[in-house]
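As a plain string of letters, each chain reads:
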Amino acid sequence: MTNYHGTETVVSELREDGLLTIRINRPDVANALNGATSKAMENIMNNAETDPSVRAIIVTGTGKVFCAGEDLSELSEGGECQTVTEHGFGGLTARLCSKPVIAACNGSAAGGGMEIALSCDMVVAAENAKFGCTEVGLGIIASTGGIVRLARDVNRKDCMELLLTGKKIKAPEAKELGLINYVVPAEQVLDKAIELAEACLKNAPLALKWTKYIVHAADQMSEEDAMRYSDAAYRFLEKTADGIEGPAAFVEKREPKWQGR
């Protein structure tokens, strides 16, 4: 493990195989993000996005809480938010990262913490964790992805109940709604997230990138246009070094050597 642009409040470590772990490290305030912490996460993600040595990313928290959202003690005198960066809250909620991003929710995720979890490709949660877009109780809204992603991913009635009441739901209920992938004992959360990340690491970087792009674009297109987009991506990928290497390795019964190009 090597430090990867980490700070005191964001511990960031990169393994030799390309797995980057980002850990919010403000347990004294339930890992709520202040401006400096959010900007540090933005910086780490910006570097990870363009760094070919980073292949997959896990986001987690220190202690018993994943992230309690924004540190409200840092609101400006006029009430303006200080934590939204170019790519959203924590540098994640308005970002379409080209690499797999997994939330390892070691504990509860509320407000902006819930929005970070929703922005990730996969979510592993501790069985005692709770999730909720609680912003309406503060006179604000889940504006950095919470409303939009819940409206897309959850049926209308459940979406409205979550957003209009601001209630928190337990991890098993969140799993039933399709908001998370796995519910495991708290001590197994990071291990399960690593297992998912390692499964991704076996695959070709460009194939992962274009799969993500197509999934995000598909629900904004007609089925016909989405199929055309998929076909164009395939025609591009089959001519890349990895697109040639994959079938060759399969035929030769060996592990592929991905180059990311």
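Residues numbered from 1 in each chain as written. Predicted model: local features only at pLDDT ≥ 70, side-chain atom pairs only at ≥ 80, totals over all residues. Heavy atoms only, no water.

> Help me out: how do you make sense of the sheet that holds strand β8 (residues 101-105) in this one?
To summarise the sheet geometry, strands pair through backbone hydrogen bonds and adopt either a parallel or an antiparallel arrangement. Taken in spatial order, the seven strands make up an open sheet running β1-β2-β3-β4-β8-β10-β13, and their pairing is mixed. Bordering the open sheet on either side are β1 (2-3) and β13 (182-184), each of which pairs with just one other strand. Relative to strand β3 (residues 19-24), strand β2 (residues 10-14) runs antiparallel, the two being bridged by five bridges. Residue pairing across strands places Val11 opposite Arg23, the latter belonging to β3. (Pairing = 2+ DSSP bridges. Helix = DSSP H or I, 4+ residues; strand = E, 2+ residues; numbered from the N terminus.)

> It is not clear to me how the pattern of salt bridges should be interpreted in this structure. Could you clarify?
A side chain with one charge can pair with a side chain of the opposite charge if their charged atoms come near. In total, this model carries 15 salt bridges according to the counting rule given. Where Arg15 meets Glu198, a salt bridge forms, and the shortest distance between an N and an O atom there is 2.9 Å. On the criterion of sequence distance, the pair formed by Arg15 in the loop between β2 and β3 and Glu198 in helix α6 (residues 189-201) is long-range, its members being 183 residues apart. On the accessibility criterion, Glu198 (35% relative accessible area) is partly exposed. Taken together, the salt bridges that share partners define one network made up of Asp231, Arg235, Glu238 and Lys239. (Salt bridge = Lys/Arg side-chain N within 4 Å of Asp/Glu carboxyl O. Buried < 20%, exposed > 50% of the residue type's maximum accessible area, 1.4 Å probe, protein only.)

> Explanation requested: helix α3 (residues 146-153) in the structure shown.
Each α-helix turn comprises 3.6 residues. Residues three or four places apart therefore point the same way. The set of residues buried in α3 consists of Gly146, Arg149 and Leu150. Buried residues of α3, seen end-on, are gathered within an arc of 100 degrees and therefore sit on one face of the element. For α3, the exposed residues lying more than 90 degrees away from the buried face are Val148 and Ala151. Its buried side turned inward, α3 meets α2 (112-119) and α4 (156-165). (Arc of directions from axis to C-beta. Contact = heavy atoms within 4.5 Å.)

> Explain helix α1 (residues 35-50) to me, please; I cannot follow it from the model alone.
The terminal C-alpha atoms of α1 lie 23 Å apart, and with 16 residues this matches the ideal 22 Å at 1.5 Å per residue to within 8%. All of the buried residues along α1 are Gly35, Thr37, Ser38, Ala40, Met41, Glu42, Ile44, Met45 and Ala48. Residues of α1 that are buried make contact with β2, β3, β4 (56-61), β6 (84-85), β7 (88-89) and α2. (Expected span 1.5 Å × (residues − 1).)

> What is the right way to read the domain arrangement of the protein chain from this model?
Accessible area lost on assembly of the parts is the figure often given for the size of an interface. Taken domain by domain, the protein chain comprises domain 1 (10-201) and domain 2 (205-252). Each of domain 1 and domain 2 has a C-alpha centre, and these two points are 27 Å apart. Taken together, the contact between domain 1 and domain 2 spans 10 residues of the former and seven residues of the latter. Here domain 1 and domain 2 share an interface that buries about 770 Å² over both sides, 60% of which is from carbon and sulfur atoms. Put simply, domain 1 and domain 2 have one salt bridge between them. Looking at the side of domain 1 that touches domain 2 residue by residue, the classes come out as five nonpolar, one polar and four charged. (Domains from an automatic or database assignment. Buried area = accessible area lost by both parts, 1.4 Å probe. Nonpolar A, V, L, I, M, F, W, Y, C, P; charged D, E, K, R; others polar.)

> What should I look at first to understand the side chain of Arg55 in this one?
For Arg55, the location among the structural elements is in the loop between α1 and β4. Although Arg55 is buried, it makes no salt bridge; Asp242 carries the closest opposite charge, 7.4 Å away. Engagement of the side chain of Arg55 in a polar contact is seen with the backbone oxygen of Leu201, the distance being 3.0 Å. At 2.7 Å, the side chain of Arg55 forms a polar contact with the backbone oxygen of Asn203. (Lys, Arg positive; Asp, Glu negative; His and termini not counted. Polar contact = N/O pair within 3.5 Å; in protein donor to acceptor, adjacent residues only side chain to side chain.)

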